[in-house]
Amino acid sequence: MAEEQMEDASTAAAASTPFQLQFDKPIPSQIKMAEWNPEKDLLAMVTDDSKVLLHRFNWQRLWTISPGKCITSICWSPDGKIIALGTEDGLVLLHDVENGKMLRTTKSHDVAIVCLNWAEDDPLSRPDKDEFLFYEDRTTRFFPPAPVMPRIGGLSSGDTGLADENEEAIPEFSSASCQRFNILCSGGKDGCVCFSIFGIFPVGMINITKIPINVGSSGKSYQLKDASVSKVSLSRNLQKLVLLCFGKLVDTDNLSHSCESSGLHCLYLDTSIFFNRKNELHQVSQQASSIQDLVEVVRASVSLISKQWSNAMSLFHEKFSALSNLISAHGVESSSEDEFLSLLFGTRTSPALHHFLASSLGEAGLKRIAKAVDSAGRDIRGIITEHLQPAVEIISFRLAELRGLARWRSRFQIIGLDEKLIDGVTESIGMLVVQVERFSRVAATVVYLFQNFFAWVLKSVKILLNEPTDQVPAANSELVVIFLKFLLDKDPIKQLLEADERIECDMDTARHVEQLVVFGGFTDTQFLEKSLVKQFNELEVSLKEAFLMPFTTISSQIQCQGLLPLYPVTSSVTLSSSCMPTSISFYKDEDSSHEESSYSLTDYVCFKIPDGSLNKRNCIGVIKDSGNCCTALSMTSLSGFLLHIPDEYECVDLSLYKDNQVVLLLSETSCSDSPAKSWMVMLQTENFSFMPLPGTFPANIYSLQKLVALDLQLDTDYGKVRSIPHTVSTPLAVSASRGVACVFSSRRHALVYILDEDEEEEGDEISDME
């Protein structure tokens, strides 16, 4: 009977015209995730071996990348320019859509990130447009473009949070003032949900296992145990987060009446702090994210300077260390320091020193060392002037901007921008600016003296080689001092690049600096005794403390509105419940469509119920909440319906579509010899009767059990039915903005259907992924 209904439906409903898809190379494994770009005709896919593929609508492959990590989730930025990937080890990788290059890596979780959702603020969601505060990023008016990561002849600084090879990474994220306010939500396997503004600045986190939950009208407090996030979705007005999770619901007051079995629950969270303070959060995150980018530039610059100078000094010590062996071979009771001091002061040279200068070192070896030091000096000077110094100056300016915002307590104190902490960071960056200037002068002086020293030694070597004498002209006092420092391992550049090094300064200088610091209203009177690296480390600590305050404040203001238990997962259910198809979407209410400046949203949740759970078989559920986003969840605002799929078919995947529609992917389960068929069904939810959910908690926490499942009648006007000539598999990729769906078959075929257009021909296979 069900097959007859399917045949009748396929005859009555026109199928979409397929577009041929063609892979450039064979795909070694199946597709496990796929997402359409919200702005362009692009489809991103993740294979079982965690390769990421990007294809055009005509299936032209643009690029393939292998991040080298197990990819567990994927989503697009609202503007379609960035692909966000969640990994098994808790990283969020942001990749450029143009070339696949990695723009940013952030550590958001300690466990696998199982879902991602990137929501952008809709300007129509603000009821009073006059309340929007236009904020200009004044940095570009006073400074040139922000410096990028330093690179010298293929030598990079090492691993950072940014992509060294992509010089556009920092300008891309630093132009946040040009973007609409958006938030990336990531859900972890441990029940944690993290929020990042523009995908890069962490602004909050909740752990659903630690927040109190009020269910129904019982007035009792419950908690989720052993919870794992399955899916998250933030509304377009940023006021509400709908979250699906597996876990045990525990009565904190009466553990004996707690639910012992795990189940799927729908959690509703109040995130109105993002909506109410989005202007303030936009401004703070713009400055803070740019500061964090520039901090990475400073770190990379200092690291690269250290590498360059260390390489030059390694060659210097390697060549000059041969003298000690020659002294021992000649049986002279002396040291390398004494021998060179005699040379510097113009006294007679010993046979060991003469042999070292004339033979071991020689003119060629000396020129090689001089060239290495000179090259390192030029590189260091370039890094300072093009990267390090501009970075610390722009950081100083941006912190001054944040300092001004922090003094506007009525607007910024509520999001945790602490004036005292920002003042401390401002002082730290001021001291770092001085340290960079000091380091620049010290480096220039040392390299200059080295050049003179090598010139004098080269002259002395020529004299020893060309004239039968054992005496050379004395060096000036500056060369004697600088060489003594290096012989005694007192390299001034090295000292400033070590974190635990204490810099000596004379009493008069220290007293004068102390007076200037106090006069300027600062507190660190001993900063000249710190090295450049130590001052930078202190800046990082103070920045972390200052930016942690908004993170903590926002996190504390994300509250649970309520929870709706959907279905239990018992031991009799023999399937992976965490892989059950689910979908969440928000739709604009029809009764608010006439308003131009604001509107309200209704959230829909669609899910497949495991066979045996709720005493149901082959059913899907659709739930909607028509309540206010800013009020506690009320059972009176919740309604839903259950839909029974014909027994000959199973729901492989599902997705909510635009205009309150649901797209179902059905596959034949019969064991007949004929080729298996599948169907894509698009249903209009308004054609079904949503029944109020009874508030019977806690006597029966699964209120969906009271609903009577409706039989799916495919020969009615409930929606469209399209035949697929293959057995299909997950995932189902649906794009509401483009009006298309991509289906993957178990035989490695891919099919694309246009959902909003009816044509005369039926869809065919369009690509063989072999």
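Up top you'll find the structure we're talking about.
Report follows, based on the coordinates. All figures in this text were calculated on a predicted structure; none of them were measured in a lab. Starting from 1, residues in each chain are numbered consecutively following that chain's sequence as written. Given that this is a predicted model, residues contribute local features only at a pLDDT of at least 70 and side-chain atom pairs are listed and counted only at 80 or more, while totals for whole chains, interfaces and linings are drawn from all residues. With hydrogens and water set aside, each side-chain value is computed from the structure's full complement of heavy atoms.

### Here we look at the sheet that holds strand 22 (residues 649–657)
In spatial order, the strands read 22-23-24-27; together these four strands make up an open sheet with antiparallel pairing. A strand with exactly one partner marks an edge of an open sheet, and here the two such strands are strand 22 and strand 27 (719–724). Strand after strand, the sheet turns through a mean of 20° between neighbouring axes, direction not considered. Only strands joined by at least two bridges in the DSSP assignment are considered to pair. Labels follow the DSSP assignment, with helices taken as runs of H or I lasting at least four residues and strands as runs of E lasting at least two, numbered in each case from the N terminus. In the sheet, strand 22 pairs with strand 23 (residues 661–668) via eight bridges, with the strands oriented antiparallel. For Tyr657, the partnering residue across the bridge sits in strand 23 and is Gln661. Axes here refer to lines fitted to C-alpha atoms; in helices the fit is confined to the stretch in contact. Angles between the N-to-C directions go from 0 to 180 degrees.

### Re the packing of aromatic side chains
Within 6.5 Å between ring centres, the rings of Phe, Tyr and Trp (the latter by its six-membered ring) count as paired, and their orientation is classed by plane angle as stacked under 30 degrees, edge-to-face over 60, tilted in between. Using the criterion set out here, one finds 12 aromatic pairs in the structure. Plain terms: the ring middles of Trp36 and Phe57 are 6.1 Å apart, the flat faces sit at 50° to each other, and that makes the pair tilted. Highlighted residues: Trp36 in strand 1 (residues 31–36) and Phe57 in the loop between strand 3 (52–56) and strand 4 (61–65), separated in sequence by 21 residues. Taking the centre distance of 5.4 Å and the plane angle of 65° together, the rings of Phe143 and Phe397 count as edge-to-face. In this pair, Phe143 sits in the loop between helix 2 (139–142) and helix 3 (169–174) while Phe397 sits in helix 8 (residues 351–406), placing the two residues 254 residues apart along the sequence. Think of it in three bands: with a 1.4 Å probe and only protein chains considered, a residue is buried below 20% of the maximum accessible area for its type, exposed above 50%, and partly exposed in between. For Phe397, a relative accessible area of 18% gives the class buried.

### A short note on the state of the cysteines
Cysteine sulfur atoms are paired as a disulfide whenever they fall within 2.5 Å. Tallying each qualifying case throughout the model produces zero disulfides. Just so you know, Cys194 is unpaired, no disulfide at all, and the nearest cysteine sulfur is the one on Cys192, 6.3 Å from it. Owing to a relative accessible area of 7%, Cys194 belongs among the buried residues under this scheme. Cysteine Cys266 is unpaired, with the sulfur of Cys245 as its nearest cysteine sulfur at 8.4 Å.

### Quick notes on the environment of Val569
Mapped onto the elements, Val569 comes out in strand 17 (residues 559–569). Measuring from C-alpha to C-alpha, the distance between Val569 and Gly247 comes to 9.4 Å, with 322 residues separating the pair along the chain.

### Comments concerning the nonpolar core
Among soluble globular proteins, nonpolar side chains are generally buried collectively. By size, the foremost hydrophobic cluster in this structure holds 119 residues, and its most contacted members are Phe195, Leu243, Phe274, Trp309 and Phe439. Here this core gets 21 residues from one element, more than from any other, and that element is helix 8. Put simply, buried Ala, Val, Leu, Ile, Met, Phe, Trp, Tyr and Cys residues joined by side-chain atoms within 4.5 Å make one nonpolar core. With 26 residues, the next largest nonpolar core counts Leu244, Phe246, Val605 and Ile609 among its residues.

### Quick look at the pattern of salt bridges
Here, a salt bridge means any Lys or Arg side-chain nitrogen found within 4 Å of an Asp or Glu carboxyl oxygen. Scanning the entire structure with this criterion turns up 20 salt bridges. As a salt-bridge pair, Lys240 and Asp603 come within 2.7 Å of each other at their nearest N and O atoms. In this pair, Lys240 sits in strand 15 (residues 240–251) while Asp603 sits in strand 19 (residues 601–609), placing the two residues 363 residues apart along the sequence. An identical accessibility class is assigned to Lys240 and Asp603; each is buried. Linking Glu419 and Arg407 is a salt bridge whose minimum nitrogen-to-oxygen distance equals 3.4 Å. Residue Glu419 is found in helix 10 (residues 419–466), and its partner Arg407 is found in the loop between helix 8 and helix 9 (409–412); the two are separated by 12 residues along the sequence. Given the relative accessible area of 18%, Glu419 is considered buried. Residues joined by salt bridges that share partners form a network here, namely Lys240, Asp603 and Asp625.

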